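Here is what each chain is made of, one letter per residue.
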Amino acid sequence: MKKFSKNLFKIFGILIGFIAIYLLFMTLTDYRPKDIISLKIENNNEEIVQKDLEISILSFNIGYCGMDKGRDFFMDGGKGSRSISEEKTLDNLFSITEFIKKANTSIVFLQEVDIDSTRSFHVDEYAYLTENLSDYSSTFALNFKVPWIPVPIHNPHGSVKSGLATYSTYKIEEANRYQYPGEYGWPKQLAMLDRCFVESRIKVDNDRELVLVNSHLSVFDDGGEIRKQQLEFLKNYITKEYGKGNYIVVGGDWNHVIQGTDPYVFKCKQKWPEWLMKIPKDFTPKGFIWASDAKVPSNRTVDIPYEKGVNFLSVIDGFLVSPNIEVKSVKGYDLGFEYSDHNPTIMELILK
């Protein structure tokens with residue numbers, strides 16, 4: 001019995017040692033980006049925006065091409081974390097790229113684009129997209145860089161390098177990564193995203209600028225406290241830019257129910273998920289306009305694979321535009337969550 005107890009104590013000590021070494025490694029290698037980072041612009045075009053001509057913008061959280069309709073996700077109560085295979089990752093990436101090419105919009109906002117992640121079998125999705133969207137200027141910013149996430153135990157999430165990609169048929173004069181405030185406590189923060197937005201500045205022919213903001217807000221923050229900080233930061237930023245006389249478009253994954261939409265119009269068997277919050281009424285700056293398609297869900301719950309009529313659905317992807325922009329149309333595209341746990345949204349607008 002004494003020998004058994006001693007061996008058990010040794011095993012326990014080794015386990016604690018491994019955990020301590022892992023936490024030390026994660027702490028020392030933790031990605032700590034600066035508040036503002038200048039981004040590289042690739043394949044830059046020369047065209048500037050002409051006032052009074054229509055501009056189209058697509059926003060799509062592509063779910064690292066691994067969150068297709070057959071997948072669930074462990075942090076939402078599911079069991080999975082990875083794409084089912086490299087082949088499936090490439091199939092999803094191909095289909096998403098073909099949709100973007102067919103849509104042929106002026107601007108593209110993408111979220112959850114992997115460049116080197118275990119969960120997507122290390123497929124460089126940004127490189128593939130950029131090669132196949134060769135008519136676009138592009139820029140990319142990391143918002144998830146972690147050397148190893150050891151859960152779920154049976155199939156770990158692994159290493160992650162992922163971020164936001166913006167594509168434009170216009171010349172991007174300047175692109176910057178803005179770090180959002182707020183973070184989880186240690187050690188949880190070590191395995192979480194470093195949320196940010198990507199600012200892309202484009203000249204307009206009236207000597208103003210079109211400021212594009214590709215954003216992906218937090219989720220799984222108890223009480224939404226981190227999201228409150230992020231929304232306040234974003235509000236201050238867009239209010240300041242609009243005060244300069246610029247045109248502002250914010251798009252992406254808000255991880256909030258967008259104003260003017262109601263999840264209960266979509267039939268389902270699940271209850272409202274705990275993580276899903278509404279955008280506070282006092283967030284929207286005076287005169288700014290929300291643009292989303294209330295009739296088409298942009299997101300599904302991922303505690304289970306997708307089954308029509310079962311998963312809770314909502315509209316959490318869309319746009320917010322400044323008062324000097326006229327929204328001509330906005331349309332969500334119901335792809336049946338075939339390639340991602342999100343559906344894309346396209347907006348058409350004119351600068352006043």
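Small disclaimer: the values here were computed from a predicted structure and weren't measured.

(A) Looking closely at empty space enclosed by the protein. Scanning the model with the defined rule gives 1 cavity of 30 Å³ or more in all. As a volume, the largest cavity reaches approximately 40 Å³. Lining the largest cavity, in full, are Asp293, Val296, Pro297, Ser298, Val315, Asp317, Gly332, Tyr333, Asn343, Pro344 and Thr345. For the lining of the largest cavity, the per-class residue count stands at 5 nonpolar, 4 polar and 2 charged.

(B) Local environment of unusual backbone geometry. Along the chain, Val151 connects to Pro152 via a cis peptide bond; the corresponding omega equals -5°. With respect to the helices, strands and loops of the structure, Pro152 is situated in the loop between β4 (137–149) and β5 (158–168). Across the junction of Trp186 and Pro187, the peptide omega takes the value 5°, indicating a cis bond. If you trace the backbone, Pro187 turns up in the loop between β6 (174–179) and β7 (196–203). Notably, Asn43 is not glycine yet its phi reads approximately 50°, a positive angle. Counting through the fold element by element, Asn43 comes out in the loop between β1 (36–38) and β2 (55–61).

(C) Broad picture of the packing of aromatic side chains. Throughout the structure, instances matching the rule amount to 20 aromatic pairs. Between Phe73 and Phe74 the ring centres are 5.0 Å apart and the planes differ by 50°, which places this aromatic pair in the tilted class. Put simply, the rings of Tyr178, Tyr180, Phe197, Phe233 and Tyr237 pair up and form one aromatic cluster. Positioned above the aromatic ring of Tyr64 is the side chain of Arg119, whose terminal nitrogen or guanidinium carbon lies 3.8 Å from the ring centre. Between the NZ or CZ atom of Lys331 and the centre of the ring of Tyr333, over which it lies, the distance is 5.2 Å.

(D) Summary view of the side chain of Ser162. Among the secondary structure elements, Ser162 is positioned in strand β5. The class for Ser162 is buried, based on a relative accessible area of 2%. One polar contact links Ser162 to Arg119, side chain to side chain, over a distance of 3.2 Å.

(E) Geometry of the sheet that holds strand β16 (residues 325–332). The strand order across the open sheet formed by 6 strands is β4-β5-β3-β2-β17-β16, and the pairing between neighbours is mixed. Only two strands of the sheet have a single neighbouring strand rather than two, namely β4 and β16. Neighbour to neighbour, the strand axes of the sheet diverge by 15° on average, direction disregarded. As paired elements, β4 and β5 share 10 bridges and run antiparallel to each other.

(F) Structural view of the layout of surface pockets. There is about 640 Å³ of room inside the largest pocket. Residue lining of the largest pocket: 38 residues in total, with Phe73, Met75, Leu193, Val219 and Phe220 positioned closest to the centre. Breaking the lining of the largest pocket down by element, the ones donating at least two residues are α1 (2–28), β4 and β13 (299–300). Tallied by class, residues from the lining of the largest pocket come to 22 nonpolar, 8 polar and 8 charged.

(G) Geometry of the pattern of salt bridges. A complete count under the given rule lists 14 salt bridges for this structure. For Lys69, the salt bridge identified is with Glu338, shortest N-O distance 3.3 Å. A residue pair is termed long-range when its members are at least 10 positions apart, and Lys69 in the loop between β2 and α2 (86–103) and Glu338 in the loop between β16 and β17 (345–351) qualify at 269 residues. A relative accessible area of 28% places Glu338 in the partly exposed class. With a closest N to O distance of 2.8 Å, Glu199 and Arg201 form a salt bridge.

(H) Region of the structure containing a nonpolar patch on the surface. A cluster of nonpolar side chains, Phe12, Leu15, Ile16 and Ile19, forms an exposed patch at the surface whose accessible area comes to about 380 Å². Its location among the elements puts Leu15 in helix α1. By relative accessible area, Leu15 is classed as partly exposed at 47%.

(I) View of helix α4 (residues 225–243). The first and last C-alpha atoms of α4 sit 27 Å apart over 19 residues, in line with the 27 Å expected at 1.5 Å per residue. Listed in full, the buried residues belonging to α4 are Ile226, Arg227, Gln230, Leu231, Leu234, Tyr237, Ile238 and Glu241. Projected onto a plane normal to the axis of α4, the buried residues spread over an arc of 130° and lie on a single side. Exposed side chains of α4 directed beyond 90 degrees from the buried face belong to Glu232, Lys240 and Gly243. After α4 finishes, the residue Gly245 shows a positive phi value of roughly 95°.

Rules used in this analysis
- Residues numbered from 1 in each chain as written.
- Predicted model: local features only at pLDDT ≥ 70, side-chain atom pairs only at ≥ 80, totals over all residues.
- Heavy atoms only, no water.
- 1 Å grid on protein atoms, 1.4 Å probe; cavity = no way out; pocket = protein on both sides within 12 Å on 5 of 7 lines; lining within 4 Å.
- Points joined across faces, edges and corners; volume = space filled by probe spheres on them.
- Nonpolar A, V, L, I, M, F, W, Y, C, P; charged D, E, K, R; others polar.
- Helix = DSSP H or I, 4+ residues; strand = E, 2+ residues; numbered from the N terminus.
- Phe/Tyr/Trp six-rings, centres within 6.5 Å; stacked < 30°, edge-to-face > 60°.
- Lys NZ or Arg CZ within 6 Å of the ring centre and 35° of its normal.
- Buried < 20%, exposed > 50% of the residue type's maximum accessible area, 1.4 Å probe, protein only.
- Polar contact = N/O pair within 3.5 Å; in protein donor to acceptor, adjacent residues only side chain to side chain.
- Pairing = 2+ DSSP bridges.
- Axes fitted to C-alpha atoms, helices over the stretch in contact; angles between N-to-C directions.
- Salt bridge = Lys/Arg side-chain N within 4 Å of Asp/Glu carboxyl O.
- Patch = residues over 30% accessible without salt bridge, like charges linked within 9 Å, V, L, I, M, F, W, Y side chains within 5 Å.
- Areas by Shrake-Rupley, 256 points an atom, 1.4 Å probe, with all protein chains shown as cover.
- Expected span 1.5 Å × (residues − 1).
- Arc of directions from axis to C-beta.

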